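Chain by chain, the residues run as shown.
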Amino acid sequence: MANDTVETNTTPALDEQDVWTTGPDGEQIPNYEATFPTINEGEVVHGQVVRVDKDEVLVDIGYKSEGVIPVAELSIRRSVNPEDEVKLGDEIDALVLTKEDADGRLILSKKRARFEIAWKAIESAAESGEPVTGRVIEVVKGGLILDLGVRGFLPASLVDIRRVQDLDEFLGQELRCKVIELNRSRNNVVLSRRAVLEDERKEMRQAILDRLSPGDVVEGQISNIVDFGAFVDLDGMDGLIHISELSWSHVNHPSEVLDIGQDVKVKVLDIDRERQRISLGLKQTQSDPWQQVVEAYNEGDVVQGKVTKVVTFGAFVEIMPGVEGLVHISELAQRHVENPREVVSQGDTVNVKIIEVDAERRRLSLSLKRIEDADEVQPRADGQPLETPEPPRLDLSEDVFPETEEAPAEEAESAPAAESASEDVEPAPEEPVAESTPDVPAAEPEVPPEATDASLEADAVAPEEQGPGDSEGEPPAAPDEPEEQAT
C-alpha cells in the first residue's frame, strides 16, 4: 500500500487579486505590497538583527525596510553598549514606535517590547504569588534596582531576612523576589526577596521547632542586636535572648556582651509553637556566681568587693561578677551617717563582712562597721587577687561636726599666754601698800557668780592651771594681748 503524504502549508494562501494588481496602464502587475506583513504602531514584532552600530541596531522583520532600534531603546539600563545587548543574527522582539519617521524609517524599541511582555508576566506573578527573577543592575539609596524587563525596586530591608550591611555585594546577581506592589500608571514595581527566603525557610523552621525542647543547649550565631536583647540564628530560625538573660551581672546594652556574627552556645528557655518563637538564655550556659558564693562563703566571713552604686539608704558592693550585696546605711560606720557618700564612693575597693546570705531570694547583706582588726579577708571566689582597700573617709556633714569643735585647739594655744600673764601679776599682793594698812582690807575685784563657778570647776579638773577668779584673785589675760593685760 502506497504511503500517503499530506503536506500542510502554514503560509496563508493569497487570492489571485492579492498576487496581481492593475497597474497605471491597465496592465496586470505583481502586487508586492500584499507580500509584506501588516504592522501597526504599538504592535510587538519579531525579527533578526542584521547590523549593530554604536548608535543603532538594524532588524529585519520581513517588512519592506529594516527596522531601526536607537541605542536608547535597547535596554532599560542607562548608557549601554549596543554590542553588550544584542549580537549579529540574534532573534529579538521589538515594539513598533513609528512606521515611518521623517526619513521614512521604521522605528522600533526593544526595551518597550520587553516591558510589555515582562509586565504581563509580572501581573500574572503578582496574582498567583509566584516569584519573579531579575538581575541586580543598580545600587541606589535605600535598596536595589532589578532588571525584570521593567525596573523593579527591592528595598534594603527586604533584601534578606536580616539587615544587609553592604548592598554592593548583590550587584550583578540574579535574585528571586515576590511582587508586593504593582502600579501600571507609574510603572512602579516593588519587590521582596525576604518573602521568598521566609517561604523557603518555613519548612525548615517547623523542623527546628519540632526538634527543639525547653532545656536544650544549642549553638547559633548572633544575627542582630537590639536594645531589648539579641537574636540568634539557629540554622534557619531566629531565637531571642532577652537582655535580662544575657549575663548574671547587670547589662546596660546587649552590645556590651555580644557582637553580630559571634558564635554562642545558648539554652532553650521556652518555645511558642503557635507563634513560632523561641526564647533563649545565655547566662544559663555559664556558671552561676551565686552558687559559687554559697559554696565559698559563710555568714561572718570578711570578703573584698567594689562599690558599684551609692544610694540614699546605703551602698551596693559587688563581691564577684554578677553578685552584689547591700551595705545598709546603718552598717557603714560606728557613728551616725547622714549620707552614705560620706563614707564610700562608687568604684571604691572595700572589705565587708557577710551578715546574711539569702540564696533563695539571691540577696546578700553586708557590713562595714562590723569588721574587726583580727578578721581575715577571704580569698576571692572568682580567683582574682585581693586589692588594697581604700580607708573609710571621715568627711562628715556640718551637722555632725559643727565649727565650734575647733575651740579646744584655740584654748590649747591660749593656755601658755594665760600662764605667763598670771606670772606677771603674782607680785601685786606683795606690794608695801597692802602691808602698811592692815586694818583696811584690800579691795578685791568683783567677779561674777558665773566666773566663780567656772573657777571651781576648772580647779577641780586641772588645779595646776589658773582660771577666771582662781586662788590668785586675778583673771587671765587675753591670749593675743598678754602685755597690756599685765600692765
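In case you missed it, the structure is sitting above this.
Predicted model only: the values in this text are computed from it and were never measured. (Residues numbered from 1 in each chain as written. Predicted model: local features only at pLDDT ≥ 70, side-chain atom pairs only at ≥ 80, totals over all residues. Heavy atoms only, no water.)

Examining the sheet that holds strand β8 (residues 132-140)
Taken in spatial order, the five strands line up as β8-β9-β10-β12-β11 and close into a barrel, and their pairing is mixed. Strand after strand, the sheet turns through a mean of 50° between neighbouring axes, direction not considered. The pairing of β8 with strand β11 (residues 174-183) spans four bridges and is antiparallel. Bridge pairing in β11 places Arg135 opposite Glu174. Most of the contacts of helix α4 (residues 193-211) go to β11, to which it runs at about 120°, and overall it touches β10 (151-155), β11 and β12 (188-192). (Pairing = 2+ DSSP bridges. Helix = DSSP H or I, 4+ residues; strand = E, 2+ residues; numbered from the N terminus. Axes fitted to C-alpha atoms, helices over the stretch in contact; angles between N-to-C directions. Contact = heavy atoms within 4.5 Å.)

Some points on the pairing of β12
With respect to burial, β12 is a largely interior element, five of its five residues being buried. The side-chain alternation of β12 yields two buried faces, one formed by Asn188, Val190 and Ser192 and the other by Val189 and Leu191. Relative to β12, β10 runs parallel, the two being bridged by two bridges. The residue of β12 that forms the bridge with Phe153 is Val190. In this sheet, β12 lies alongside β11 in antiparallel orientation, the contact comprising five bridges. Paired with Asn183 across the bridge in β12 is Asn188. Between β11 and β12, which pair antiparallel in sequence order, lie four residues; one of them, Asn187, sits at a positive phi of approximately 50°. (Buried < 20%, exposed > 50% of the residue type's maximum accessible area, 1.4 Å probe, protein only.)

Some words on the sheet that holds strand β20 (residues 323-328)
Overall, mixed pairing links the five strands, which are arranged β18-β19-β20-β22-β21 in a closed barrel. Here the strands of the sheet are splayed against their neighbours by 50° on average, with no regard to which way each runs. Sheet topology places strand β21 (residues 349-358) next to strand β22 (residues 363-367); five bridges connect them, and they run antiparallel. Bridge pairing links Ile354 to Leu366 in β22. Across the sheet, helix α5 (residues 289-296) touches β19 (314-320), β20, β21 and β22, and the angle it forms with β19 is around 85°.

Digging into the side chain of Asp233
With respect to the helices and strands, the residue Asp233 is situated in strand β14 (residues 229-233). By relative accessible area, which is 16% here, Asp233 ends up buried.

As for α5
Every buried residue belonging to α5 is among Pro289, Trp290 and Val293, and all of these are buried. Around the axis of α5, the buried residues are gathered within 105° of arc, so they sit on the same side. The inward-facing, buried residues of α5 abut β19, β20, β21 and β22. (Arc of directions from axis to C-beta.)

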